[in-house]
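For reference, the chains in residue letters:
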Amino acid sequence: MSQVWTVTSFYRFVNVEASRLPTLQSTMKEWMTAHDVLGLVLFAPEGANGTVAGSSDGVASFKEFLFELLGTTEIRFKDSESDRPPFRRISVDLREEIVGLKRPDIHPDSTENFHLSPAEWHAALSDESPKLLIDTRNRYETRAGMFKGAIDPDINIFSEWGTYLDQADLPKDLPVYMYCTGGIRCEKALIEMKSRGFDEVYQLRDGILGYLEEYPDGLYEGECYVFDQRVAVDSHLRPTQIYGTCPGCGLTAKEQRVCERCGKTFTVCEDCSPAWGPGCSKDCRYVLKQRAKKSTLS
Ligand SMILES: [Zn+2]
Ligand SMILES: [Zn+2]
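Below is a summary of the structure that appears in this document. (Residues numbered from 1 in each chain as written. Chains lettered and ligands numbered in written order. Predicted model: local features only at pLDDT ≥ 70, side-chain atom pairs only at ≥ 80, totals over all residues. Heavy atoms only, no water.)

**Topic: the overall build of the chain**
In step 1: Broken down by element type, the chain carries nine helices and 17 strands.
In step 2: Its C-alpha atoms give the chain principal-axis dimensions of roughly 70 × 50 × 35 Å.
In step 3: Residues counted as buried form 51% of the 298 residues belonging to the chain.
In step 4: The contacts in the chain between residues at least 6 apart in sequence include a share of 65% that link residues at least 24 apart.
In step 5: On the chain, roughly 14,800 Å² of surface is accessible, and the fraction owed to carbon and sulfur atoms is 48%.
In step 6: The positive charge centre, built from 35 side chains, and the negative charge centre, built from 45, are 10 Å apart in the chain. (Helix = DSSP H or I, 4+ residues; strand = E, 2+ residues; numbered from the N terminus. Buried < 20%, exposed > 50% of the residue type's maximum accessible area, 1.4 Å probe, protein only. Contact = heavy atoms within 4.5 Å. Areas by Shrake-Rupley, 256 points an atom, 1.4 Å probe, with all protein chains shown as cover. Lys, Arg positive; Asp, Glu negative; His and termini not counted. Charge placed at Lys NZ, Arg CZ, Asp CG, Glu CD.)

**Points about unusual backbone geometry**
In step 1: The residue Asp36 is not glycine, and still its phi comes out positive at about 55 degrees.
In step 2: Its location among the elements puts Asp36 in the loop between α1 (21-35) and β2 (38-44).
In step 3: Residue Asp36 is classed as exposed on the basis of its relative accessible area of 59%.
In step 4: Backbone geometry at Asp169 places phi at a positive 55 degrees, although glycine is not the residue there.
In step 5: In this structure, Asp169 sits in the loop between α5 (161-168) and β9 (176-179).

**Re the coordination of the zinc ion (ligand 2)**
In step 1: For the zinc ion (ligand 2), the protein coordination sphere consists of Cys259 (SG), Cys262 (SG), Cys280 (SG) and Cys284 (SG), at 2.2 to 2.4 Å.
In step 2: Metal-centred angles of 101 to 118 degrees between the four donor atoms at the zinc ion (ligand 2) mark the site as tetrahedral.
In step 3: Motif for the zinc ion (ligand 2), donor spacing along one chain: C-x2-C-x17-C-x3-C. Of this pair, Cys262 sits in the loop between β16 (255-258) and β17 (265-268) while Cys280 sits in the loop between α8 (273-276) and α9 (282-297); the two residues are 18 residues apart in sequence, bridging distant segments of the chain. (Donors = N, O, S within 2.8 Å, 3.2 Å for Na, K, Ca; no water. Tetrahedral: all angles 85-135°; square planar, octahedral: opposite > 155°, others 65-115°.)

**A word on the coordination of the zinc ion (ligand 1)**
Octahedral metal centres with six donors ideally show angles of 90 or 180 degrees, and tetrahedral centres with four donors ideally show 109.5 degrees.
In step 1: Protein ligation of the zinc ion (ligand 1) involves Cys246 (SG), Cys249 (SG), Cys269 (SG) and Cys272 (SG), the donor distances falling in the range 2.2 to 2.4 Å.
In step 2: Each of the four donor atoms around the zinc ion (ligand 1) contributes to a set of angles spanning 104 to 114 degrees, which defines the coordination as tetrahedral.
In step 3: Sequence positions of the donors to the zinc ion (ligand 1) reduce to the motif C-x2-C-x19-C-x2-C.
In step 4: Residue class for Cys249 comes out partly exposed when judged on its relative accessible area of 36%.

**Let's talk about the nonpolar core**
When a protein is soluble and globular, its nonpolar side chains tend to lie buried together.
In step 1: In this structure, Ile134, Trp161, Leu170, Val176, Met178, Met193 and Val201 are the most contacted members of the largest nonpolar core, which totals 26 residues.
In step 2: Put simply, the parts of the chain that give this core at least two residues each are β1 (5-13), β7 (132-135), α5, β9 and α6 (184-195).
In step 3: Broken down by element, the residue count for this core peaks at five residues, all from α6.
In step 4: Both domains that furnish three or more residues to this core are identified here as domain 1 (5-94) and domain 2 (115-232).
In step 5: The residues contacting Met178, other than those within four sequence positions of it, are Trp121, Ile134, Thr136, Trp161, Cys186, Ala189, Leu190, Met193, Val201, Tyr202, Gln203 and Leu204.
In step 6: Of all hydrophobic cores here, the second largest spans 21 residues; its members include Phe43, Leu69, Ile75 and Phe77. (Core = buried A, V, L, I, M, F, W, Y, C linked by side-chain atoms within 4.5 Å. Domains from an automatic or database assignment.)

The following block contains the structure:
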């Protein structure tokens, strides 16, 4: 029987006493285990961040549980559905930050008015006036899709954002519109920009996932990379039919090949493509290489 998984992503910046973190971790782990909700949840002194999946009832009670645990109902959720399990297990981790900019000293306030709703964002981008539109995600994410006309900083990891800003020489007199998957990275990326003298900076509230909920055929082009087994979702938030994970480097890949050893279809990325060959995994690749060696010897 096939199951439909309800998936939800969230984050909340809220001060958490460091001494409370281990209790939050164990309570959350027990709750998720008891309710068959799988996924990844992070807690840090600055708040919580995560994506989880389960039955629709399970995810609904997860939200109630999270409200109770963090002592606030002001948590925004981005929901989608998947016909494949998005997670294999439960991970509840404690970190320095809930998003890895390596700046635990920055404290975003998600209620400030530079958060644009999908409708405000759509209107601002549809207007032709000069602006900087910047994607704050990593290279392996922007590969799968971006807003039309956006600048791709081409970073490997979010902690490179500050260095990117120092080197990019972006004009400071234009309004800046920035976005990421669900909004959390922009919360910190925006403060970094403001501290460098960019005065007018906006971020897309709830990120690409929030935008696609309202504008599936809007200004976003391609698919949206997600941090679970789905790899990416299409503009209607359905699991991708195009992208997979490259067996060479673990990143987003779309070139399909059939493994000459086991017959499985797999995807290889453009960087690994020339050298990777016809094996779907490191194992299959090894076996195929050995076979090739033997046949040239005989
Ligand atoms: Zn690769
Ligand atoms: Zn194989």
